[in-house]
Amino acid sequence: MGSAGRLGGALALVTGGASGIGRAVCARLAREGARLAVADRDEGGARDTVGGLHSGGTPHAGGGPPHAAFEVDVASAPSVTRLLARVQEHFGVPPTICVGCAGVTRDEFLLRLGEGDFQEVLGVNLTGTFLVTQAVARALVAAGAPGGSIIHVGSIVGKVGNLGQANYAASKAGVEGLTRTCAKELARFGIRCNAVLPGFIVTPMTDKVPPKVLEKFAGMVPMGRLGDPQDVADVCAFLASGDSSYITGASVEVTGGLFM
Ligand code: NAD
């Protein structure tokens, strides 16, 4: 796929772009021709992502590099406000594509789960998704509503729950409600909002899961394997593109059939 791909010239903001699914999303969107604002709490990792990105089939004559890295804490409103200001200053336009991949886990059984770990996961996964979505939507509306596609990375765990993940499951269930409400409110501005619900995808996040548990999950997946970040990135690229122009408020499961 060359620079004149489905997303040719569009600016995409990806949070959590320093690692795992977010990094794969950045790579896929860049291959489809998008310019990338890669944002993460881990700024060095975001820069590494930018360093590995496809920069178009032809050199960018006269222009600066098509992609840039930004530091952000999505759970902090001032940090998100700063991020949008810096992205717009750098690229001259607001992002018309936004993929919210930043997320954390703090796993513990309910009976032992501390309120701090509950709030932290809600803060990053749910409040962070809200703050970034609101900031992007405000910027797009202020720019005259040139259209847009906002994609939230939820989790199948938000639907089915998971042992040791009361905080994470609650945050991801919240993300789905947020997605559907944003879809309803933003449709009149030409902004679509959808969620992808990954199953178990092999990333640094799953490094924390004991191999025995991962093996057990792999055995439960009808397609017989755990997911790859690329599997999720492919669906995000579809939802970002005009190929999904009549889809909004949807949650797309990317699970290999797990928990269908
Ligand atoms: P990962 O740990 O590889 O990547 C998460 C990224 O988010 C990291 O780069 C981290 O620095 C960044 N991040 C964390 N807190 C942040 C904050 N406050 N502000 C900005 N950036 C922050 O994990 P991943 O597996 O790639 O997960 C990406 C998303 O996919 C998450 O939302 C996760 O919940 C979701 N997800 C993952 C799986 C899976 O099996 N890996 C399954 C379902 C959903």
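Heads up: the structure comes first, above all this text.
Residue numbers run consecutively from 1 along every chain, following the written order of its sequence. At least 70 in pLDDT is required for a residue's local features to be given in this predicted model, at least 80 for side-chain atom pairs to be given and counted, and no such filter applies to totals for whole chains, interfaces and linings, which use all residues. Hydrogens and water are ignored here; the side-chain numbers use all heavy atoms of the structure.

Participant: I'd like to hear about the sheet that holds strand β4 (residues 97-100), residue by residue, with values.
Facilitator: Here, a strand pair is defined by DSSP locating no fewer than two bridges between the strands. A run of DSSP states H or I qualifies as a helix once it reaches four residues; a run of E qualifies as a strand once it reaches two. Both are numbered from the N-terminal end. Taken together, the 7 strands give an open sheet; going across it, the order is β3-β2-β1-β4-β5-β6-β7, and neighbouring strands pair in parallel fashion. Only two strands of the sheet have a single partner each, and these edge strands are β3 (68-71) and β7 (251-254). Looking at each pair of strands side by side, their axes are set apart by 20° on average, direction ignored. As paired elements, strand β5 (residues 148-153) and strand β6 (residues 191-198) share 6 bridges and run parallel to each other. In the sheet register, isoleucine 151 faces β6, and the bridge partner there is asparagine 194. The convention used is that axes are lines fitted to C-alpha atoms, helices contributing only their stretch in contact, and that angles between N-to-C directions extend from 0 to 180 degrees.

Participant: Describe in detail the pairing of β4, supporting the description with residues and values.
Facilitator: Partly exposed residues are those whose accessible area sits between 20% and 50% of the maximum for their type, while under 20% is buried and over 50% is exposed, using a 1.4 Å probe and protein chains only. Here β4 shows a buried face lined by Ile97 and Val99 and a second buried face lined by Cys98 and Gly100. Where strand β1 (residues 11-15) and β4 come together, 4 bridges link them in parallel fashion. Paired with valine 14 across the strands is valine 99, a residue of β4. Of the pairings in the sheet, the one linking β4 to β5 comprises 4 bridges and is parallel in character. In the sheet register, isoleucine 97 faces β5, and the bridge partner there is serine 149. A crossover counts as right-handed when, viewed with the strands pointing away from the observer, the path leading from the first strand over the helix to the second turns clockwise. Each parallel crossover has a hand, and for β4 linked through helix α4 (residues 115-142) to β5 it is right-handed.

Participant: Tell me about the pattern of salt bridges, and please be specific about residues and values.
Facilitator: The working definition used for a salt bridge is a side-chain nitrogen of Lys or Arg within 4 Å of a carboxyl oxygen of Asp or Glu. Inspection of every chain in the model, using the stated rule, returns 10 salt bridges. The partner of arginine 28 in a salt bridge is glutamate 32, with the nearest N and O atoms 2.6 Å apart. We note that arginine 28, like glutamate 32, is buried. A salt bridge links arginine 112 to glutamate 108; the nearest nitrogen and oxygen atoms lie 3.2 Å apart. Judged by relative accessible area, glutamate 108 falls into the partly exposed class, the value being 26%. Among the charged side chains, a network of salt bridges with common partners joins Arg6, Arg28, Glu32, Asp234 and Asp243.

Honestly, it's all geometry; don't read function into it.
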